[in-house]
Amino acid sequence: MAFWDSLWQGRSRQFDSGSAATNSIELTKRHPTVSLSKQGAATGNLRVNLSWRMRTSDIEGRSKQSGRLLRHPFKLFQPDVVQAHTQGVVNVDLDLGCLYELTDGSKGVVQPLGGFFGSLNGPPYVKLSGDDRFGSPSGETIFVNLDHQESIKRLLFFVYIYDQTPAFDRTHAHVTLYPSNGPRVEIELDERAPQARSCAVFALENVKGELVVRREVKFVYGFQAELDRLYGWGLQWGRGYKSRV
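Read on for an overview of the structure.

1. Overview of helix α5 (residues 224–231)
Restricting attention to buried positions, one finds in α5 the residues Q224, L227, D228 and Y231. The arc that holds every buried residue of α5, seen down its axis, measures 105°, which confines them to one face. Here the buried face of α5 lies against β11 (152–161), β14 (198–207) and β15 (210–220). Immediately downstream of α5, the backbone of G232 shows phi near 65°, a positive value.

Below, the structure is given as structure tokens:
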């Protein structure tokens, strides 16, 4: 009896401790918010990662897929998944950005377009790690220095398709938040919006000293200026272009 008691207690401790590597919280329409403060994750660096992938069936068409299945019927049970960085497969460049508003009233954007990479140890305490143009496995990442949370009023993280065919409905994109403590937070961009070019993914707000993450997943057919109007940021926007690779 003592053996089973000790085994059960060991499992309980392991379960209660939690791990960002094994546990996750998915934000959905029914459960759209999570408090980083209540999880003890409102300090350190918050890592926000965008990644995406595509299935070959989305690209090649049903007729070609059917032909392969006739020759190799067992392929039906082994869906072929390819990474979006294969340029011959998909020509989509997804970018991760962040609109910020600080408590001193300053506003702006962190994004690859225009080279607005931000700063981690100074205002706006938001920094983009780089511009991934081909959907590498690491994706694109923005860091937020939550040790300066008292200076942050609100952040809006968004994804947009840079100068390519709208294909949100085929990219299987998702955004993952990795707090300094506790489980990661997952947000799928899973709603159908075939012609959308931008998506407001989630907001991070300082509500009376509590940092709250709220799922948005609102697709728009324009770009940053349309997201600005939707959320009342009040910035001035102009058309920008990236340098050729």
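Resuming the write-up.
2. Examining the sheet that holds strand β2 (residues 33–35)
Strand order in the open sheet formed by six strands is β2-β15-β14-β11-β6-β7, with antiparallel pairing between adjacent strands. Every interior strand has two partners, whereas the edge strands, β2 and β7 (107–110), have only one. Sheet twist, expressed as the average angle between the axes of neighbouring strands with direction ignored, equals 20°. Where β14 lies against β15, nine bridges are found, and the strand directions are antiparallel. Note that in β15 the partner of N206 across the bridge is L211. With respect to the sheet, α5 is in contact with β11, β14 and β15, its orientation differing from that of β15 by roughly 125°.

3. Re the sheet that holds strand β1 (residues 24–26)
The strand order β1-β13-β12-β3-β10-β9-β8 describes an open sheet built from seven strands, whose pairing is mixed. The outermost strands of the open sheet, each flanked by one partner alone, are β1 and β8 (118–119). When β8 meets strand β9 (residues 126–128), the two strands line up antiparallel, connected through two bridges. The residue of β9 that forms the bridge with S119 is V126.

4. Concerning the packing of aromatic side chains
For any pair of aromatic rings, the description consists of the separation of the ring centres together with the inter-plane angle of the planes. Taken as a whole, this structure holds two aromatic pairs when the rule is applied. We note R154 situated over the ring of W233; from NZ or CZ to the ring centre the distance is 3.7 Å.

5. Remarks on the pairing of β15
Across the 11 residues that make up β15, a large majority, eight, are buried. Pairing between β2 and β15: three bridges, direction antiparallel. Within β15, the residue paired with T33 across the bridge is R214. Between β14 and β15, which pair antiparallel in sequence order, lie two residues; one of them, K208, sits at a positive phi of approximately 55°.

Rules used throughout
Residues numbered from 1 in each chain as written. Predicted model: local features only at pLDDT ≥ 70, side-chain atom pairs only at ≥ 80, totals over all residues. Heavy atoms only, no water. Buried < 20%, exposed > 50% of the residue type's maximum accessible area, 1.4 Å probe, protein only. Helix = DSSP H or I, 4+ residues; strand = E, 2+ residues; numbered from the N terminus. Arc of directions from axis to C-beta. Contact = heavy atoms within 4.5 Å. Pairing = 2+ DSSP bridges. Axes fitted to C-alpha atoms, helices over the stretch in contact; angles between N-to-C directions. Phe/Tyr/Trp six-rings, centres within 6.5 Å; stacked < 30°, edge-to-face > 60°. Lys NZ or Arg CZ within 6 Å of the ring centre and 35° of its normal.

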